[in-house]
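Residue-level listing of the chains:
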Amino acid sequence: MKKKVIVILMVIALMLTALAGCEKNEPKAQEQQGMNIEEQQSTNAESATEGEDAGTEEDANSDTEVNDVAVNVVALKGPTAMGMIKLMNDAAEGTLQGYSFQLAAAPDEVAPLIIQGKVDIAAVPANLASVIYNKTEGGVQVLNINTLGVIYIIEKGEMVNSADDLRGKTIFASGQGATPEYALRFILSENGIDADNDVNIEWKSEHAECLSALIESEDGVAMLPQPFVTTAMTKAEGLRVALDLTEEWNKTQEDSENPSQFLTGVTIVRKEFAEEHPGAVKEFMEQYKSSVEFVNGNVAEAAEMIGAFDIVPAPIAEKALPACNIVFITDSDMEVALSGYLSVLAEQNPQSIGGALPGADFYYQDSQN
């Protein structure tokens, strides 16, 4: 009997031991199962990224930056805005994301916006870019030249066919103390004409005043920019373009060791923005270049867009665009042309460029991208 009891007790002990073992092993099994899930997740993540190289990853980061960074752009109404009209139109229609555009009527509206960091990129007169650079102690860089000279001499007859024919003439002009005056004085001087004694320059406050004075004059001429030249010729009969001051400037440079160009507008970027968002700047430049090519190759369609943005009426824009000298010049070509132009202005009035010629860091280079 004792033996049976002992056997029964041993069986019960073994059963209890087995049950205890199962209870102890169950959490371990669950823990092992959890580890396997985590390992599988890790393996899946590694498989998803396997085969991607560093270049692809950098491209993805660059694309994300371009799409996520809001690029605020301002341009002056006129030729400096016309070249980017396709870019502006695409942004307005929503086919191009990440851009905000605004138009300004005068240069003094633009400078505070970029100096205060309210916009990132601005299309401005070439000399104003230098003024802002000096004022901000190198806080902006030039991305490209967007417009060559747009100033013309118009008359009622056919008396002026060369710069020398301006000798003895009364010239109605606006822009005293600014680029138009410096350009006119330079061209006259290069042709041996004293601007203070050999011609009579009557300065007006507005282009419309120049036109009115020209119409009333017997033999005077007017210095006007595009697209106002085209507007003037639709308002008064018998007017003709006598001289293109861009061509006259170029003639003075034919034998120059360091030739310059007559420029109107450039595009600047805040240096801080360019350094922080090189991908966004690169993308903007690509879009801008495409826009300039579109404008120069599709004048009628571009003119409709220009009219829709109330820059100038579409019929005027269509006639004026071929004479607006819209370009996209960058890198070393930009530096040579712009530095030469600013040097000419500095010789006449250093304050017209902010007191001093900009340093090498003024000229943005694609290699920074």
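If you're wondering where the values come from, they're calculated on a predicted model, not measured in any experiment. (Residues numbered from 1 in each chain as written. Predicted model: local features only at pLDDT ≥ 70, side-chain atom pairs only at ≥ 80, totals over all residues. Heavy atoms only, no water.)

Caption draft 1: Looking closely at the overall build of the chain. When helices and strands are counted, the chain shows 15 helices and 11 strands. Partitioning the intrachain contacts of the chain with sequence separation of at least 6 by distance along the chain shows that 79% fall at a separation of at least 24. On the chain, roughly 18,900 Å² of surface is accessible, and the fraction owed to carbon and sulfur atoms is 49%. (Helix = DSSP H or I, 4+ residues; strand = E, 2+ residues; numbered from the N terminus. Contact = heavy atoms within 4.5 Å. Areas by Shrake-Rupley, 256 points an atom, 1.4 Å probe, with all protein chains shown as cover.)

Caption draft 2: Expanded view of the pairing of strand S8 (residues 221-225). Burial of S8 is extensive: 5 of the 5 residues sit out of reach of the surface. Alternating residues of S8 divide into Val 221, Met 223 and Pro 225 and Ala 222 and Leu 224, and every residue in both groups is buried. (Buried < 20%, exposed > 50% of the residue type's maximum accessible area, 1.4 Å probe, protein only.)

Caption draft 3: Quick look at the pattern of salt bridges. Throughout the structure, instances matching the rule amount to 12 salt bridges. A salt bridge links Lys 204 to Glu 202; the nearest nitrogen and oxygen atoms lie 3.6 Å apart. What makes Lys 204 partly exposed here is its relative accessible area of 25%. The class of Glu 202 is partly exposed, set by a relative accessible area of 30%. With a shortest N-O distance of 3.2 Å, Glu 248 and Lys 251 are connected by a salt bridge. On the criterion of helical spacing, the pair formed by Glu 248 and Lys 251 is a turn pair, its members being 3 residues apart in helix H10 (residues 245-252). (Salt bridge = Lys/Arg side-chain N within 4 Å of Asp/Glu carboxyl O.)

Caption draft 4: Region of interest: helix H6 (residues 126-135). Most of H6 sits inside the fold, with 7 of its 10 residues counted as buried. Of all the residues in H6, the buried ones are Ala 126, Asn 127, Leu 128, Ala 129, Ser 130, Ile 132 and Tyr 133. Of the surrounding secondary structure, the elements contacted by the buried residues of H6 are helix H5 (107-115), strand S3 (121-125), strand S4 (140-148), helix H7 (179-190), strand S10 (263-270) and helix H15 (331-348). After H6 finishes, the residue Glu 137 shows a positive phi value of roughly 55 degrees.

Caption draft 5: The confidence of the model for the chain, seen in detail. Per-residue confidence for the chain averages 84 on the pLDDT scale, and 81% of its residues sit at or above 70. Of all the helices and strands in the chain, helix H1 (residues 2-49) carries the lowest mean pLDDT, 39, while helix H13 (residues 299-308) carries the highest, 98. (pLDDT = per-residue confidence, 0-100.)

Caption draft 6: Representation of the sheet that holds S3 in the model. Across the sheet, which stays open at both edges, the 6 strands sit in the order S2-S1-S3-S10-S4-S11 with mixed pairing between neighbours. The open sheet terminates on both sides in strands that have one partner only, identified here as strand S2 (99-104) and strand S11 (326-329). Averaged over all pairs of adjacent strands, the angle between their axes in this sheet comes to 25 degrees, without regard to strand direction. Relative to S3, strand S1 (residues 71-76) runs parallel, the two sharing 3 bridges. Residue Ala 75 lies in a different strand from S3, and its bridge partner there is Ala 123. (Pairing = 2+ DSSP bridges. Axes fitted to C-alpha atoms, helices over the stretch in contact; angles between N-to-C directions.)

Caption draft 7: Geometry of the pairing of S3. Across the 5 residues of S3, 5 count as buried, placing the element largely inside the fold. In this structure, S3 lies alongside S10, joined through 5 bridges in antiparallel fashion. If you follow Ala 122 over to S10, its bridge partner there is Ile 268.

Caption draft 8: View of the packing of aromatic side chains. All chains considered together, the criterion is met by 10 aromatic pairs. Taking 6.2 Å as the distance between ring centres and 40 degrees as the angle between the ring planes, the aromatic pair formed by Phe 262 and Tyr 341 counts as tilted. Within this pair, whereas Phe 262 is found in the loop between H10 and S10, its partner Tyr 341 is found in helix H15, the two being separated by 79 residues in sequence. Judged by its relative accessible area of 1%, Tyr 341 falls in the buried class. Residues Tyr 288 and Phe 328 carry aromatic rings whose centres are separated by 5.5 Å and whose planes lie at 80 degrees to one another, so their mutual orientation is edge-to-face. Taken as a pair, Tyr 288 in helix H12 (residues 278-297) and Phe 328 in strand S11 lie far apart in primary sequence, 40 residues in all. Look at Tyr 288 and you get buried, because its relative accessible area is 0%. An aromatic cluster is present here, built from Tyr 99, Phe 101, Phe 284, Tyr 288 and Phe 328 joined pairwise through their rings. (Phe/Tyr/Trp six-rings, centres within 6.5 Å; stacked < 30°, edge-to-face > 60°.)

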